[in-house]
Amino acid sequence: MDQTTIFLCEDSIAGICTGLYDASASRLGYRRLRLELNTGANDMELFCRYITVDPDPEKTSKVVRAIRQKISEQAWEYVYRAMLSAEATRADDIYRYLLTGFRFGASSLNRLADPAVHRLLELDRLVGNESHYFKEFLRFESIENDVLFARIRPKADVLTLVTPHFADRLPGENFLILDVGRGTAAVHPQNETWFLSSLAPENVNDLLSGHFDEYRDLWKTFYQSTAIQERRNYELQRSNMPLHYREFAPEFEKDVLR
Amino acid sequence: MLIQEGLTLEQKLAILSDAAKYDVACTSSGIDRRGQSGSIGNTSACGICHCFAADGRCISLLKILMTNACIYDCRYCINRVSNDTVRTTFTPEEICRLTIEFYRRNYIEGLFLSSGILNSPNETMEQICRTLWILREEYHFRGYIHVKAIPGADPELIACAGHLADRMSINLELPTGDGLRALAPAKSRKKILTPMRQIQNGITADRSAARERKKLKGAQQAVLPAALRDASPAGSVYRTVSSDPDTKPISAANGPSRKCLSSPVSPGEIADAEEVIPPRAPAPADVGSGIMPLSGSHLAGSRFVPAGQSTQMIIGATPETDRQILAVTEALYDRFDLKRVFFSAYTAINDDSRLPAIGTPPPLLREHRLYQADWLLRFYGFRAEELLTEDHPFFNTALDPKCSWAIRHPEIFPVEIMSADYHTLLRVPGLGVRSARRILTARRYQHLTFEDLKKCGVVLKRAGYFLTCSGTMYRPLRFDPAYLEAELAAGERADCRALSESAGPTGRQMSLFDDFHLS
């Protein structure tokens with residue numbers, strides 16, 4: 001029996017790209033290799049060879065260039081978004097797609113019945129949908145000095161997809177969006193371009209403490225009075241706005257949740 | 001009628017959003033507009049919902065009335081003059097502040113401003129225009145604004161609002177003129193359709209002007225010979241849909257053929273009323289003259305109602321059939337180029353002998369069926385008379401309109417997946433625009449089996465009864481209408497459970513003996 005080689009990639013764009021590079025450079029063939037994300041607690045498989053991949057900026061840019069030039073810009077967009085998803089198999093899914101992608105070029109994305117293409121589009125949809133949800137349901141709070149502060153807890157790493165939307169929308173505001181789970185934050189200073197930073201959870205309470213935002217209460221009032229009681233339909237409400245997205249929405253704070 | 005003084009902003013908001021909640025449209029779609037430094041806001045053509053209320057309806061806009069004081073006595077309306085409720089009015093500044101502060105916090109996508117009639121239609125419309133003007137010009141708000149045109153207001157005021165808003169709507173109120181006469185004596189078909197026509201003409205003129213500007217720009221920059229440029233898709237072939245992301249995919253493919261079909265069901269109401277209102281103007285109409293100082297501000301060059309026009313009517317307050325309602329809907333799309341027609345299941349809130357008694361549950365399932373049919377008209381190339389006939393003027397409560405239609409047309413089905421054209425695929429129950437497009441794309445590269453269809457994301461729960469792959473059915477069965485109806489209705493029931501529950505219990509206890517024929 002042929003031995004399977006498993007490439008353990010770091011959980012980052014560069015990590016996955018380097019894994020993709022090393023996997024194809026190894027010339028083992030797609031049947032005998034697999035990509036996995038190094039979570040630190042992977043279930044090790046017997047009779048496999050494990051190779052840990054160190055992120056390498058040069059290999060990363062080579063992979064990105066190859067996808068953009070030999071497949072298409074659109075394919076790179078899909079691959080990029082797929083890399084942000086929270087699915088455990090995403091590194092290997094992308095590798096499988098690239099086999100089809102490099103073979104058929106730009107038209108590979110139209111081969112919807114190909115399992116690898118289908119999976120890539122599925123990942124893209126998952127991430128795209130989640131980032132759209134947060135454009136809808138993210139809530140800012142006005143804190144000290146009129147700074148707007150929002151918290152999100154997304155499954156996929158959508159912060160970089162969500163922030164440009166708000167940067168375009170609120171160019172004159174100082175705002176901060178924190179991914180609570182990952183501890184990363186997008187910072188947008190007034191009339192400047194935004195950047196990524198990190199924020200420790202213990203600092204969040206300092207930011208929030210001692211501020212009363214009167215519009216929160218006005219919003220809660222509006223939320224309640226705009227519903228038609230004769231048409232109550234909590235099931236529909238839940239399927240339109242899943243509980244997962246309500247964590248930081250003021251209208252769903254305990255006193256409102258019924 | 002007493003206007004309450006000294007209410008807090010919160011109390012006013014509670015009263016005036018409660019009074020506005022029966023208005024249906026809360027969509028924020030139809031226009032893409034990027035943000036701009038120095039101002040606040042952008043818009044997104046797909047529309048963005050920001051919350052969902054306890055009734056499951058989307059909250060996208062700050063939906064409020066400017067005032068709930070009203071001189072009219074429309075029987076169905078919560079704000080009618082004869083109702084004894086607390087009356088109050090927002091100042092323009094209050095509306096602007098609420099909009100901006102809610103918008104900054106990402107609570108809303110913009111403002112939906114409607115109003116009771118304060119003293120006169122003109123005074124009301126003027127106050128609305130002032131509010132919008134302050135919001136756009138002083139607060140530099142670039143987000144979405146949906147505003148009601150008040151029937152009976154001067155055309156200049158309506159034109160002015162049109163330049164400030166993204167979408168305008170005038171409520172048709174009730175599906176027929178008879179209903180209107182009985183329940184809203186102060187309103188008439190003519191009063192409602194005249195501004196609707198004015199806005200339609202304004203939109204048409206604005207779009208052709210925008211096209212000219214684009215062409216001019218293109219002519220200066222393009223290196224293509226003129227002949228090639230005229231033949232390009234940006235030309236005039238699909239002119240009404242090219243700026244319309246909502247309807248683009250289907251109307252573009254379907255537009256021409258739809259117009260060819262004649263309409264045996266007379267949308268008489270709309271046609272009769274049309275004779276007394278100004279005609280459609282193919283040439284640019286004068287929509288720019290306004291009362292506000294438009295020149296000198298950025299509004300001088302602004303678009304006119306760029307996200308289109310919509311309307312709504314109340315379902316279940318008057319005795320019309322579904323067929324009449326759908327015919328009116330179709331006529332509105334055909335003759336007034338509306339973007340959307342909304343239906344509002346009547347909630348019995350007023351004690352009135354001419355209306356359903358208080359406590360009558362709103363006809364939610366009927367409203368749901370009408371929306372399904374509305375989709376079929378707009379995106380699937382169906383005509384109203386195909387869906388409902390004189391013998392069957394109401395929708396089947398157990399089946400959606402597309403399934404009912406398919407069962408009545410066994411001559412068309414089953415459809416072969418590899419060879420059927422787009423329009424035929426769209427008529428298969430369970431296949432939507434997206435699925436049909438995916439099938440077209442995928443079948444160019446390989447022979448599709450039912451397994452492949454599933455991989456493409458096509459759901460076969462209903463479509464499986466109507467499709468063949470290489471001549472074989474998904475389920476080994478005969479195409480028998482009675483059998484199909486029972487099968488499809490069983491699947492449908494779960495979808496509509498929530499809706500029909502409010503119309504009375506339809507679920508039933510399973511019985512071992514009856515259901516499994518053991519007795």
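Each remark here, short or long, concerns the structure printed above.
This model, assessed by the stated rule, comprises 50 salt bridges over all chains. As a salt-bridge pair, Arg104(B) and Glu101(B) come within 3.0 Å of each other at their nearest N and O atoms. Within this pair, Arg104(B) and its partner Glu101(B) are both found in helix α2 (residues 92-104), separated by three residues, close to a single helical turn. Each of Glu141(A), Arg151(A), Arg216(A), Asp217(A), Lys220(A) and Glu253(A) takes part in salt bridges that share partners, so that together they form one network.

All names here are of chain A. The sheet built from three strands is open, its strands ordered β2-β1-β3 with parallel pairing. Both edges of this open sheet fall to β2 (33-37) and β3 (48-52), since each of them pairs with a single strand only. Mean inter-strand twist for the sheet, computed between neighbouring axes without regard to direction, equals 25 degrees. Where strand β1 (residues 4-9) and β3 come together, five bridges link them in parallel fashion. Opposite leucine 8, over in β3, you have threonine 52 as the bridge partner.

Attention now goes to unusual backbone geometry. For the peptide bond that leads from Phe413(B) to Pro414(B), omega is -5 degrees, which places it in the cis range. For Pro414(B), the location among the structural elements is in the loop between α14 (401-408) and β9 (415-416). Its identity as a non-glycine residue notwithstanding, Arg27(A) has a phi of 60 degrees, on the positive side. Of note, Arg27(A) is situated in the loop between α1 (13-25) and β2. Among the residues examined, Arg27(A) registers a relative accessible area of 75% and is labelled exposed. Not every positive phi belongs to a glycine, and Asp146(A) is a case in point at roughly 65 degrees. Mapped onto the elements of the fold, Asp146(A) is located in the loop between β4 (140-143) and β5 (147-152). Take Asp146(A): its relative accessible area is 46%, and that puts it in the partly exposed class.

Calculation notes
Residues numbered from 1 in each chain as written. Chains lettered and ligands numbered in written order. Predicted model: local features only at pLDDT ≥ 70, side-chain atom pairs only at ≥ 80, totals over all residues. Heavy atoms only, no water. Salt bridge = Lys/Arg side-chain N within 4 Å of Asp/Glu carboxyl O. Helix = DSSP H or I, 4+ residues; strand = E, 2+ residues; numbered from the N terminus. Pairing = 2+ DSSP bridges. Axes fitted to C-alpha atoms, helices over the stretch in contact; angles between N-to-C directions. Buried < 20%, exposed > 50% of the residue type's maximum accessible area, 1.4 Å probe, protein only.

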